[in-house]
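Read off the chains here:
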Amino acid sequence: MGLQAYLTLAAIVFCIGLFGVITRRNTISILLGIELMLNSVNINLVAFSRFSGDVTGMVFAVFTICITVTEAALGLAIVILLFRVRRTVTADQLDLLKG
Amino acid sequence: MNGWLGLVIMIVLAVGYAGVMIGLSLLLGPKNPTPEKLAPYECGMPAVGDARERHSVKFYLVAMIFLLFDIEIAFLYPWAVALRDLGWAGFVQLVTFFLILSVGYVYVWRKGVLDWGPAARVRHPAERKAA
Amino acid sequence: MMDTPFNAVVPMLCVVFAALAVMMAEAFRGRDEQMALGGLGIVGLVGAAVSSMLLWNRNASSFGVIVADNFGLFVTMTLVIVGVLTIMFSSVVVRRDGLPAGEYYALVLFAVVGMIMMATANDLLVIFIALEILSLAVYVLTGIRRDDPRATEAAFKYFLLGAFSSAFFLYGIAFTYGVSGSTRLDRIGAFLAAQSMSDSPLILVAIGMLLVGFAFKISAVPFHMWTPDAYEGAPAVVTGFMSTGVKAAAFAAFTRVFLSAFEPFSVDWAPMIWILAVATMILGTVVGVAQTNVKRMLAYSSIAHGGYLLVGLIAANDVGKAAILFYLLAYAVTNVAAFGVIALLGTRDAANDELRDFSGLWHGRPALAALMTVCLLSLGGLPPTAGFIGKWYIFSAAVSAGYYGLAIIGVLTSVVSVFFYLRVVVMMYMEERDPGLAAPAHVGGVGMVALVASIVVIFYLGVLPTRVLDLAAESISTIF
């Protein structure tokens, strides 16, 4: 399989995540979409790294994994806080700030 | 084939160690079973019941903290592979990394996140020391 | 100072150690023990400032990925000023609102570390890590008032769109790496200089994605949707911090990436940024006029200021680059002070950030009203304040680079923006205090000291700008 295949796969995963973020109303689903988007980049990085024989991409992927996990943990923490204060996890009902 | 010998030894050691440990605890440990102790997960949520039951937010807190500290191990694997090439400089850098990480751990611990049970919520580390 | 590979990271290390010390102090603090945690933070920031001064003109570089060139150090100094002012305003707010002091100051300091790292990074990977360090800290700071539903909602929206934009940014980095085979900015620049457009359409995708990521962070239109909500919902002192620090750091990295690595393709990206700049200036000003909440109004004003900074980036001549640095400093000091006034006016239970809360402030708190007036006039770009000199240099850079249209739109939107700044001023001086409102809060020592200090800086930059402008010009001569 060539580089093209991996890049296409990554692009598809990225778009699925993007679609999820835009269409979903449940905040947890939106978080899932963002995770998909961030992790699709790892496919790109590792594929580029593999096909160019340069390890920077793989190192980058390790850092990306760590950062996405911290981001997910923080996101979940904010959702829990949101639920405690507002009793909802639906994005549409978050409308205190407007104008 | 020789390259796999190490792996075979590793597997035998791992299985053997686990077996010996379980065997020893069966032979030597005191036995007075209660229903809690016989449950699949002695600590944690009841394994059988309504799936929509509400759980304490403590579980999520600990899960998230586990996730954060667990993922940092990802940095250990590349270092372990390149251990000899990186030498002492690499070792010092990794120790620094873990020192910073342990500051976070000490913070979590002193803040009482790891204390389990209803009493932990009202008690502060300083008071506990005084008590 | 000895030449070691660690020289360039010394300013950052000072702040990191201060942040870790604050965390440890908080962890081992007795229940009712009071500690000067903010003071600890200021010590670290002063350490960063001193080490930055020692590194000036030395072009130190650590491992090739962090470079303490004058450009980075100038922005570092700006960020240190923002950090110190924020901590001083915070010390009043943290006590008044009962915020968790240890967490608050540690997060502010870690955010400053991320910002300094972003301003001095010479590698896309490091820029991304720095971006996340500062973003994660600022997301939490936004929602630090856990009992306030608006702050929580603001934190969530900010987090969501921030993470969303990070994904685009990361995708752009991956493509840049794939095309050029490196994440180092100097190597990418050298690689692209040998390429022509037709060789790699992929690089245009990469530039586009990175542009979207940066545009989110500097809240350029049409990627500004999160800004008003996040700025309004966050505590005022945090808003001041993130509207200046995050913007300064993001702009430093933006300038570095686009004017050094992607410079060979400037023909392709300049028109895109042109559109962003025009849309940002116009929308920020026009929508700002319609706001009745002062925090929200200043949010739109900060969007518009991002537009003016983009003008400097497009002009891309020496005047423009120096003007970006000067403008960032002037804008940062002014905006932190303006949000500081709002923060000091609030009480534990009421934010007091509606326009009518400012009515008759002159009669109750003349000093505070006068200080707020200076900040607003500087934001509006009226002489003799820092904002005037900043705008003057930005627009003269645009004119000298031949972008007359941009300069005209910039001047026009500035004139319109004066309207909404003056509306607050009129409210403070001309109107009687609404009898239904409580008397404005009393403002204590540290907050007042910080306010007066920032006003002195605003006038210094406005009346005697030559020294700082020379420093800014010196800063850009070492790179690009």
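Above this note sits the structure.
Residues numbered from 1 in each chain as written. Chains lettered and ligands numbered in written order. Predicted model: local features only at pLDDT ≥ 70, side-chain atom pairs only at ≥ 80, totals over all residues.

Student: Got a minute to help me understand the overall build of chain A in this structure?
Tutor: From N to C terminus, chain A includes 3 helices and 0 strands. Moving toward the C terminus, one meets the helices and strands of chain A in the order α-α-α. Taking 99 residues into account, the globule formula puts the C-alpha radius of gyration at 13 Å, and chain A, at 17 Å, lies well above it. Each principal axis of the C-alpha atoms in chain A carries an extent, and together these give about 50 × 25 × 25 Å. Here chain A holds 99 residues, and the buried ones make up 34% of them. Within chain A, contacts between residues at least 6 apart in sequence are counted, and of these 46% link residues at least 24 apart. (Helix = DSSP H or I, 4+ residues; strand = E, 2+ residues; numbered from the N terminus. Rg over C-alpha atoms; globule rule 2.2 N^0.38 Å. Buried ≥ 20, exposed ≤ 12 C-beta atoms within 10 Å, placed from the backbone. Contact = placed C-beta atoms within 7 Å.)

Student: Quick question: what am I supposed to make of the interface of chain A and chain B here?
Tutor: Between chain A and chain B, the residue contacts involve 9 residues of the former and 10 residues of the latter. Taken together, the residues of the side of chain A that touches chain B sort by class into 8 nonpolar, 1 polar and no charged. (Nonpolar A, V, L, I, M, F, W, Y, C, P; charged D, E, K, R; others polar.)

Student: Would you explain helix α2 (residues 37-55) of chain C in this entry?
Tutor: Along an α-helix, residues three or four apart share an orientation, since each turn contains 3.6 residues. Residue and element names in this part refer to chain C. Look at α2: 27 Å from first C-alpha to last across 19 residues, which is about the 27 Å you get at 1.5 Å a residue. Those residues of α2 that sit buried are L37, G38, L40, G41, G44, L45, A48, A49, S51, S52 and L55. On the buried face of α2, the contacting elements are α1 (10-27), β1 (60-62), β2 (66-68), α3 (70-97) and α4 (101-120). Immediately downstream of α2, the backbone of N57 shows phi near 65 degrees, a positive value. (Expected span 1.5 Å × (residues − 1).)

Student: In this structure, what is going on with the packing of helix α9 (residues 226-233) of chain C against helix α12 (residues 294-315) of chain C? I would like to understand it.
Tutor: The packing of two helices is summarised by the inter-axis angle and the distance between the axes. Residues and elements named next belong to chain C. The N-to-C vectors of α9 and α12 enclose an angle of 140 degrees; their axes lie 8 Å apart at closest approach. Considering their axes alone, α9 and α12 lie oblique with respect to each other. Considering only the axes of α9 and α12, their crossing is right-handed. Residues T227, P228, Y231 and E232 of α9 pack against K295, R296, A299, Y300 and I303 of α12. Of the residues in the contact of α9 with α12, the class split is 5 nonpolar, 1 polar and 3 charged. (Axes fitted to C-alpha atoms, helices over the stretch in contact; angles between N-to-C directions. Parallel < 35°, antiparallel > 145°, perpendicular 65-115°, else oblique. Left-handed = near helix turned anticlockwise from the far one by under 90°.)

Student: What am I meant to see in the packing of helix α8 (residues 201-217) of chain C against helix α10 (residues 236-261) of chain C here?
Tutor: All names here are of chain C. Interhelical geometry of α8 versus α10 gives an angle of 155 degrees and a closest axis separation of 9 Å. The angle between the axes of α8 and α10 places the two elements in the roughly antiparallel class. Between α8 and α10 lies a crossing of left-handed hand. Across from L210, F214 and K217 in α8, the residues of α10 making contact are V246, A250, F254 and V257. Considered class by class, the residues forming the contact of α8 with α10 number 6 nonpolar, no polar and 1 charged.

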